[in-house]
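# Examination of the molecular architecture
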Amino acid sequence: MPFFFLLISFAFLFFSSPAEAKKLKVVTTLSDFASLATTIGGERVEAESLARGYQDPHFVEPKPSFILKLHEADLLIVAGLELEIGYLPPLLDQARNEKIRPTGAGYLDASVGCEILEKPTAAVTRAMGDVHPYGNPHFWLDPQNGRVVARAIAAKLAALDPAGRDVFQKNLATFESRLAEAEKRWQEKLGPSAGTKVVTYHASWPNFAKYFKLDVVGFLEPKPGIPPTPQHKLEIINLMLAQKVPLILMEVYFDRKDPDFVAGKTGAQVVMMPPSVGGDPAAKDYISLFDFNVDRIAAALAKKK
Ligand SMILES: [Zn+2]
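The model shown is predicted, which means the values in this text are computed figures rather than measured ones.

Calculation criteria
- Here, residues in each chain are numbered from 1, in the same order as that chain's written sequence.
- For this predicted model, a pLDDT threshold of at least 70 governs which residues receive local features, and a threshold of 80 or more governs which side-chain atom pairs are given and counted, while totals over whole chains, interfaces and linings are taken from all residues.
- Note: side-chain values were computed over all heavy atoms of the structure, leaving out hydrogens and water.
- Note on conventions: DSSP H or I runs of at least 4 residues are helices, E runs of at least 2 residues are strands, and numbering of each starts at the N terminus.
- Each residue is placed in one exposure class: buried if its accessible area under a 1.4 Å probe, protein chains only, is under 20% of its type's maximum, exposed if it is over 50%, and partly exposed if it falls in between.
- Working definition: a ring pair exists when centres of Phe, Tyr or Trp rings (six-membered ring for Trp) sit within 6.5 Å. Plane angles under 30 degrees give stacked, over 60 give edge-to-face, the rest tilted.
- The distinction between a cavity and a pocket rests on a 1 Å grid over the protein atoms alone: a 1.4 Å probe fits inside a cavity but cannot get out, while a pocket stays open yet meets protein on both sides within 12 Å along at least five of seven lines, and a residue with an atom within 4 Å of a point counts as lining.
- Grid points are joined across faces, edges and corners, and a volume is the space filled by probe spheres set on the points.
- Lys, Arg, Asp and Glu make up the charged group, whereas Ala, Val, Leu, Ile, Met, Phe, Trp, Tyr, Cys and Pro make up the nonpolar group; the residues left over, Gly among them, are polar.

## Concerning unusual backbone geometry
- Its identity is not glycine, yet Glu 82 carries a phi of approximately 65 degrees, on the positive side.
- Tracing the backbone through its elements, the reader meets Glu 82 in the loop between strand 3 (75-78) and helix 4 (88-95).
- On the accessibility criterion, Glu 82 (22% relative accessible area) is partly exposed.
- One non-glycine residue, Arg 96, adopts positive backbone phi at about 45 degrees.
- Structurally, Arg 96 can be placed in the loop between helix 4 and strand 4 (107-109).
- Given a relative accessible area of 69%, Arg 96 falls into the exposed group.

## Focus: the packing of aromatic side chains
- Across all of its chains, the model carries 13 aromatic pairs by this definition.
- When the ring of Phe 33 is compared with that of Phe 139, the centres are 6.4 Å apart and the planes differ by 25 degrees; the resulting orientation is stacked. With Phe 33 in helix 2 (residues 31-41) and Phe 139 in the loop between strand 4 and helix 5 (143-160), this pair connects stretches of sequence that are 106 residues apart. Per residue, the accessibility class of Phe 33 equals that of Phe 139, and both read buried.
- Measuring from centroid to centroid gives 6.5 Å for Phe 33 and Trp 140, while their planes differ by 75 degrees, and the two rings are edge-to-face. Of this pair, Phe 33 sits in helix 2 while Trp 140 sits in the loop between strand 4 and helix 5; the two residues are 107 residues apart in sequence, bridging distant segments of the chain. Each member of the pair Phe 33 and Trp 140 is classed as buried.
- Site record: aromatic cluster; members linked through ring pairs are Phe 175, Trp 186, Trp 205, Phe 208, Tyr 211, Phe 212, Tyr 286 and Phe 290.

## Notes on empty space enclosed by the protein
- Tallied over the full model, the rule gives one cavity of 30 Å³ or more.
- Empty space within the largest cavity amounts to approximately 30 Å³.
- What lines the largest cavity is Leu 50, Arg 52, Gln 55, Val 60, Glu 61, Lys 63 and Phe 66.
- Within the lining of the largest cavity, the residues separate by chemical class into three nonpolar, one polar and three charged.

Structural data, given as structure tokens:
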């Protein structure tokens, strides 16, 4: 079948001959993973996130353009732990790209190998209104987990693009040394505030709080994903007064009304915190996301003194 062979050779030429290799198309659910993929992949990848950093990562509005992005992707990076359960599965069905299915070579569950907190000890039911059924999916907000994710991305990129292995390893090493430097800076700023009690809006911050030794004593949501009720707000106000809680940490995508109300009754400061890269223009990559949030907390605590 000469014609068949001709086609094969053309295809081979088309895909492999240009001096400039085709970039790996990386699609991520979270902007944080896109930032890490860009940092590690450099010129060899084109990474794009479905969710914006100022959106609630549980409730991303699916757009038709997502299907095309997923169809063309070489690699999909997800948080897993059912964070994306509300929007991703139907998009994956429509994208018809076996590579990036959970069983495919181009699929990376970033939670694997990370420290996951709040793992359930008993069976969970949706009736509880819990959006964290397999443990807390906001694990990327601990820089130690960020390091784990960066390493997993480097390994996955090398598997998909073996010629880039050295580049990925070099970029990973640069990232890890930048992160180690940044950790010193964050410790200088927040280290002295270890043990500070905080209330957070959603349970987005257990990994962040553990790393920075903040003590989360309550949430404005009565359960993850359930909006504050009047009764619950009263309970939180009483708890904050009794325990002299100075800070309410809130994700940028919620309404300030309830946090401001509770702050007004307790004298606490409301700290607006982007939980992902791009949630504020200053939080432009994984490391500056932490710089931004650390500075916000330090500034709010300084105001309280
Ligand atoms: Zn959540």
